[in-house]
Every structure is written in C-alpha cells, then in structure tokens.
Amino acid sequence: MKISVEYASPRHPDIKKLLLASHQLMRDLYPEETNSYLSIDELCSSDVHFLGARQNDKYCGCGALEVKPDYGELKSFFVEPQFRGNGIASLIMQEILCTSRELNINSLKLETGIGLDNALNLYKRFNFVLCEPFGKYFENGFSIFMKRDLP
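None of these values were measured; they are calculated from a predicted model.

(A) Region of interest: the overall build of the chain. Regarding its fold elements, the chain presents four helices and seven strands. Counted from the first residue to the last, the chain has its helices and strands arranged as β-α-α-β-β-β-α-β-α-β-β. Expected size for 151 residues packed as a compact globule is a radius of gyration near 15 Å; at 14 Å, the chain falls within 12% of this value. Taken along the three principal axes of its C-alpha coordinates, the chain extends 40 × 35 × 30 Å. Classification of the 151 residues of the chain by burial places 47% in the buried group. Summarising the internal contacts of the chain: among those between residues at least 6 apart in sequence, 63% fall at separations of at least 24. Total accessible area on the chain is roughly 8,000 Å²; 50% of this is exposed by carbon and sulfur atoms.

What follows is the structure, given as structure tokens:
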C-alpha cells in the first residue's frame, strides 16, 4: 500500500469527511465542553500546517501542526478506521516533525483524550511525555497532555 503525506486542504471532500468523523468520535466519547478540536475554518488558518495522507486518490488520514508563539501543537490527528495499523499515523507524525524542524519549533505539545490507547502509544513511540495542561487547556478528567522537545 503506497501512502503519500502532503500539504492538503481541510476543505477537500475526503478530508472534510475524516474531520467530521473525528469530531463526531470526540462528541461520542467526551462531554462537549472538554472537546478542543479546531473547526474546518480554523484549520485553514495561516498558522496551521495541515497534512493529508493519501492512498492513490483517496485521503485516509490527516494531522495538523498549529504554530503557537512558543511551541507547536498537534491537532486533528485522525486515520480512517479501515486504514489503521498500516503506519499511516507514523508517516503523518514524521512529516509534522520535519515541518516543525523547518519552522525552528523547539517544542511540540498535544492534548488527547483518555481511552485513546492507539493514539497514546503513537505519541509515546515518538518520545512524547506527559505534561501539565498548557495554553487554554485545564484539567478536566478527560484530557491527557503531552509534550516533546525537539533538538
């Protein structure tokens, strides 16, 4: 299975479907007030680097890097369920790490949810460690906060 990871538009029909599925999953798993995903319009902002993973002509995964003043934040990481387990999330993460280095970002942070074990395992494989809430986040009993310094 040949997968390419590239800059993509959150408004592309395949990606929009992925994002809406991700948003629905978050609404199904967690109270609305604890969900912190970015809207499709917010993902189109100039401070967001949005990536899509594509097999042939179909996008099957996505992830974003939101550039903050002192760090980069991972957002909208999602792989379509039938494509999971094929290394797609790792390819997206590798591209986000390359983009972060090109932008001279020294630290990456993320917020994810309890029970998302596959996501947690991915982040741990890429040397993310637990940290305190950052930015606009706060302890809510559903969120897990992680960071990784970039050499």
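Next, the rest of the story.
(B) Structural context of the pattern of salt bridges. For the coordinates displayed, the defined rule picks out five salt bridges. Salt-bridge contacts for Glu-66 lead to Lys-68; the nearest nitrogen and oxygen are separated by 3.7 Å. Residue classification places Glu-66 among the buried positions, given a relative accessible area of 11%. Take Lys-68: its relative accessible area is 26%, and that puts it in the partly exposed class.

(C) Quick look at the environment of Phe-78. Relative to the elements of secondary structure, Phe-78 occurs in strand β4 (residues 72–79). Each C-alpha atom of the pair Phe-78 and Ser-90 lies 11 Å from the other, and the pair is twelve residues apart in sequence. Not counting residues up to four positions away in its chain, the partners in contact with Phe-78 are Leu-18, Ala-21, Ser-22, Leu-25, Cys-60, Gly-61, Cys-62 and Arg-84.

(D) Layout of the sheet that holds strand β7 (residues 143–149). Spatially, the seven strands line up as an open sheet ordered β1-β2-β3-β4-β5-β7-β6, and their pairing is mixed. Each having just a single partner strand, β1 (3–7) and β6 (129–130) make up the two edges of the open sheet. The strands touched by helix α1 (residues 13–29) are β2 (48–55), β3 (58–67) and β4; relative to β3, the strand with the most contacts, the crossing angle is about 70 degrees. Against the sheet, helix α3 (residues 88–102) engages β1, β2, β3, β4, β5 (107–113) and β7, with an angle of about 30 degrees to β3.

(E) Structural view of the nonpolar core. Core analysis: the largest hydrophobic core is formed by 25 residues, its most contacted members being Leu-74, Phe-77, Ile-88, Met-93, Leu-108, Tyr-123 and Phe-128. Residue assignment for this core shows that the elements contributing at least two residues are β2, β3, β4, α3, β5, α4 (117–125) and β7. Examining the composition of this core, we find that five residues originate from one element, α3, more than from any other. Residues contacting Ile-88, with those up to four places away along its chain left out, are Ile-3, Ala-53, Cys-60, Val-79 and Phe-83. Counting residues in hydrophobic clusters, the runner-up holds 13 residues, among them Ile-40, Val-48, Cys-62 and Ala-64.

(F) Molecular detail of the layout of surface pockets. The volume enclosed by the largest pocket comes to roughly 850 Å³. In terms of lining residues, the largest pocket is bounded by 39 residues, among which Phe-77, Phe-78, Leu-116, Ala-119 and Tyr-123 are the most central. The greatest single-element share of the lining of the largest pocket, amounting to seven residues, is contributed by β4. In the lining of the largest pocket, the residues fall into 19 nonpolar, 14 polar and six charged.

The rules behind these values
Here the residue numbering is sequential within each chain, running from 1 through the sequence in written order. Where totals are concerned, whole chains, interfaces and linings use all residues; where local detail is concerned, this predicted model gives features only for residues with pLDDT of at least 70, and gives and counts side-chain atom pairs only at 80 or more. Each side-chain value is worked out from all heavy atoms of the structure, with water and hydrogens disregarded. To qualify as a helix, a DSSP run of H or I must reach at least 4 residues; to qualify as a strand, a run of E must reach at least 2; elements of each kind are numbered from the N terminus. Values of the radius of gyration come from C-alpha atoms, whereas the globule rule sets the reference at 2.2 Å times the count of residues to the power 0.38. For each residue, the accessible area found with a 1.4 Å probe, counting protein chains only, is set against the maximum for its type, and the residue is called buried under 20%, exposed over 50%, and partly exposed in between. Pairs of residues are marked as contacts when any of their non-hydrogen atoms sit within 4.5 Å. In short, Shrake-Rupley with a 1.4 Å probe defines the accessible areas, and a residue's cover is counted only from the protein chains shown. A side-chain nitrogen of Lys or Arg and a carboxyl oxygen of Asp or Glu constitute a salt bridge if their distance falls within 4 Å. DSSP-based pairing: two strands are paired if at least 2 bridges between them are found. To define axes, lines are fitted to C-alpha atoms, for helices over the stretch in contact only, and angles between the resulting N-to-C directions are given on a 0 to 180 degree scale. Here, nonpolar core means buried Ala, Val, Leu, Ile, Met, Phe, Trp, Tyr and Cys residues that are tied together by side-chain atoms lying within 4.5 Å of each other. The rule is simple: put a 1 Å grid over the protein atoms alone, call a set of points where a 1.4 Å probe fits but cannot get out a cavity, call an open set with protein on both sides within 12 Å along at least five of seven lines a pocket, and count a residue as lining if it has an atom within 4 Å of a point. Grid points are joined across faces, edges and corners, and a volume is the space filled by probe spheres set on the points. Residues are sorted three ways: Asp, Glu, Lys and Arg are charged, Ala, Val, Leu, Ile, Met, Phe, Trp, Tyr, Cys and Pro are nonpolar, and all the rest, Gly among them, are polar.

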